[in-house]
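# Commentary on secondary and tertiary structure
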Amino acid sequence: MARVLPTPLTTEVTGHSARVELAPDATLTDFQGHFEQFSLLPGVTQIDWAIRFACQLLATPQKFCGMEVIKFQKPIKPGMQVTLELNWLADKNKLTFSYNSAKGMHSSGRIKLEPNA
């Protein structure tokens, strides 16, 4: 069975914030066929993972409503250890995320999520 999410190395949750250490390996579905010569984690996958981990760890809504200020600055390659930082702004229904590593900021942004009915 194909794996969609990487296994977290460590996870910290404090209130409406979470920090997840990841080392996504080349066997993950989203690396398959995404640039044979230069495999990298697609931006849409980074957004998907942010939402999935936020739902699991912060009990956020899961329905996507839009994005704001999304920046993809450095590629995430297979095996690279990255830290996903999440912050749920419940009063605004917005999730901020960033992926960082020893190489600096890889991506960041705000995701609008529809509140649960």
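Refer to the structure printed above.
Below: a short report on this structure. Remember, it's a predicted structure, so these values are computed and weren't measured experimentally.

## Description of the overall build of the protein
Each helix and strand in the protein was counted, giving 1 helix and 6 strands. Counted from the first residue to the last, the protein has its helices and strands arranged as β-β-α-β-β-β-β. Taken over C-alpha atoms, the radius of gyration comes to 14 Å for the protein, in line with the 13 Å a tight globule of 117 residues would show. Principal-axis analysis of the C-alpha atoms places the extent of the protein at approximately 45 × 30 × 25 Å. If you take every contact in the protein between residues at least 6 apart in sequence, the share linking residues at least 24 apart comes to 61%. Only carbon and sulfur atoms are counted for the fraction: they give 53% of the accessible area of the protein, which is about 6700 Å². Counting 12 positive and 10 negative side-chain charges, the protein places the averaged centre of each group 6 Å from the other.

## Let's talk about unusual backbone geometry
A negative phi angle characterises most non-glycine residues, just as the trans form characterises most peptide bonds. The phi dihedral of A59 falls on the positive side, at around 55°, and the residue is not glycine. Tracing the backbone shows A59 in the loop between α1 (43-58) and β3 (63-72). At V69, a position not held by glycine, the phi torsion is positive, near 45°. Examined against the element boundaries, V69 turns out to sit in strand β3. Classification of V69 by relative accessible area gives partly exposed; the value is 47%.

## Here we look at the nonpolar core
Formed by 25 residues in total, the largest nonpolar core has its most connected members in L22, L84, L86, F97, Y99 and I111. Element by element, the count of residues in this core is highest for α1, at 8 residues.

Rules behind the numbers
- Residues numbered from 1 in each chain as written.
- Predicted model: local features only at pLDDT ≥ 70, side-chain atom pairs only at ≥ 80, totals over all residues.
- Heavy atoms only, no water.
- Helix = DSSP H or I, 4+ residues; strand = E, 2+ residues; numbered from the N terminus.
- Rg over C-alpha atoms; globule rule 2.2 N^0.38 Å.
- Contact = heavy atoms within 4.5 Å.
- Areas by Shrake-Rupley, 256 points an atom, 1.4 Å probe, with all protein chains shown as cover.
- Lys, Arg positive; Asp, Glu negative; His and termini not counted.
- Charge placed at Lys NZ, Arg CZ, Asp CG, Glu CD.
- Buried < 20%, exposed > 50% of the residue type's maximum accessible area, 1.4 Å probe, protein only.
- Core = buried A, V, L, I, M, F, W, Y, C linked by side-chain atoms within 4.5 Å.

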